[in-house]
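Secondary and tertiary structure notes
So the chains spell out like this:
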Amino acid sequence: MKPDWSGFGVGFDIFTCWDSSVLGHMLELYDFPSSFVESDITNIFLDFKNLGFHIHWTDDTHAVIRFSTQEIAAEALTTIRHPCLKCRPISIASRKTKLMLAKSPEKTLPFKRRPKTESYAAKRLIYSSLGLSPKSPKSK
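Residues numbered from 1 in each chain as written. Predicted model: local features only at pLDDT ≥ 70, side-chain atom pairs only at ≥ 80, totals over all residues. Heavy atoms only, no water.

This part covers the overall build of the protein chain. Across its full length, the protein chain holds five helices and four strands. Pairs at least 24 apart in sequence give 68% of the contacts found in the protein chain among residues at least 6 apart. (Helix = DSSP H or I, 4+ residues; strand = E, 2+ residues; numbered from the N terminus. Contact = heavy atoms within 4.5 Å.)

What follows is about unusual backbone geometry. Backbone geometry at Asp31 places phi at a positive 55°, although glycine is not the residue there. Here Asp31 is to be found in the loop between β1 (26–30) and α2 (38–44).

The element β1 is largely enclosed, with a buried count of five among its five residues. Side-chain alternation along β1 places Met26, Glu28 and Tyr30 on one buried face and Leu27 and Leu29 on a second face that is also buried. Here five bridges tie β1 to strand β3 (residues 62–67), and the two strands are oriented antiparallel to one another. Bridge pairing links Leu27 to Ile65 in β3. The sheet contact formed by β1 and strand β4 (residues 86–89) spans four bridges and is antiparallel. Note on β4: the bridge partner recorded for Glu28 is Arg88. (Buried < 20%, exposed > 50% of the residue type's maximum accessible area, 1.4 Å probe, protein only. Pairing = 2+ DSSP bridges.)

All right, on to the nonpolar core then. Within the largest apolar cluster, 19 residues are counted, with the highest numbers of intra-cluster contacts made by Leu29, Ile41, Phe45, Phe48, Ile65, Phe67 and Leu85. Residue assignment for this core shows that the elements contributing at least two residues are β1, α2, β2 (53–59), β3 and α3 (70–79). Discounting chain neighbours no more than four positions away, the residues touching Phe45 are Leu29, Phe53, Ile65, Phe67, Ala76, Ile80, Leu85 and Cys87. With eight residues, the next largest nonpolar core counts Val22, Leu23, Met26 and Val64 among its residues. (Core = buried A, V, L, I, M, F, W, Y, C linked by side-chain atoms within 4.5 Å.)

By secondary structure assignment, the location of Thr108 is in the loop between α4 (95–103) and α5 (120–129). In terms of polar contacts, Thr108 uses its side chain to reach the backbone carbonyl oxygen of Pro105, at 2.5 Å. (Polar contact = N/O pair within 3.5 Å; in protein donor to acceptor, adjacent residues only side chain to side chain.)

When α4 is considered as a whole, its buried residues turn out to be Thr97, Lys98, Met100, Leu101 and Ala102. On the buried face of α4, the contacting elements are β1, β2 and β3.

Our focus in this paragraph is the pattern of salt bridges. All chains considered together, the criterion is met by three salt bridges. Its salt-bridge partner being Arg88, residue Glu28 comes within 2.5 Å of it at the nearest N-O pair. Note that Glu28 is positioned in strand β1 and Arg88 in strand β4, a separation of 60 residues in sequence. Of the two residues examined, Glu28 and Arg88, each falls in the buried class. (Salt bridge = Lys/Arg side-chain N within 4 Å of Asp/Glu carboxyl O.)

Before going further, it helps to examine the packing of aromatic side chains. Following the criterion strictly, the structure yields seven aromatic pairs and no others. The interplanar angle of 55° and the centroid separation of 6.1 Å between the aromatic rings of Phe45 and Phe53 together place this pair among those described as tilted. Since its relative accessible area comes to 0%, Phe45 is described here as buried. When the ring of Phe48 is compared with that of Phe67, the centres are 5.9 Å apart and the planes differ by 65°; the resulting orientation is edge-to-face. Note that Phe48 is positioned in the loop between α2 and β2 and Phe67 in strand β3, a separation of 19 residues in sequence. Here Phe48 matches Phe67 in class, with each residue buried. In this structure an aromatic cluster arises from ring pairing among Phe45, Phe48, Phe53 and Phe67. We note Arg88 situated over the ring of Tyr30; from NZ or CZ to the ring centre the distance is 3.7 Å. (Phe/Tyr/Trp six-rings, centres within 6.5 Å; stacked < 30°, edge-to-face > 60°. Lys NZ or Arg CZ within 6 Å of the ring centre and 35° of its normal.)

Shown next as structure tokens:
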């Protein structure tokens, strides 16, 4: 479900409309060293790599991590313990993080793994644009 940004404007406060039932699949990562790079955070969340997640940077010491479901985010919140990184639900995230997400609402959607692709369709397009006939995959 996508957050409702229709009221964004006069009288709308982006800092109080963060419903955890809609945005519970997201966590804010904070207070980590500015020297951290994406691979450092990915290594901390290595147990969740197969379930999938995506990291969005807010600044050098804040980031948002999106999971596909609220259950996975809740599990990550309770199991990830690291001396150099803290996690919290997006509903209590910093103003800067909430402002970044309000400017880019597509970053609030649950993580969705890219579907597996095959090269046959691309080869068919290339062959047809060159006026050649592609070999079918059955004739290998």
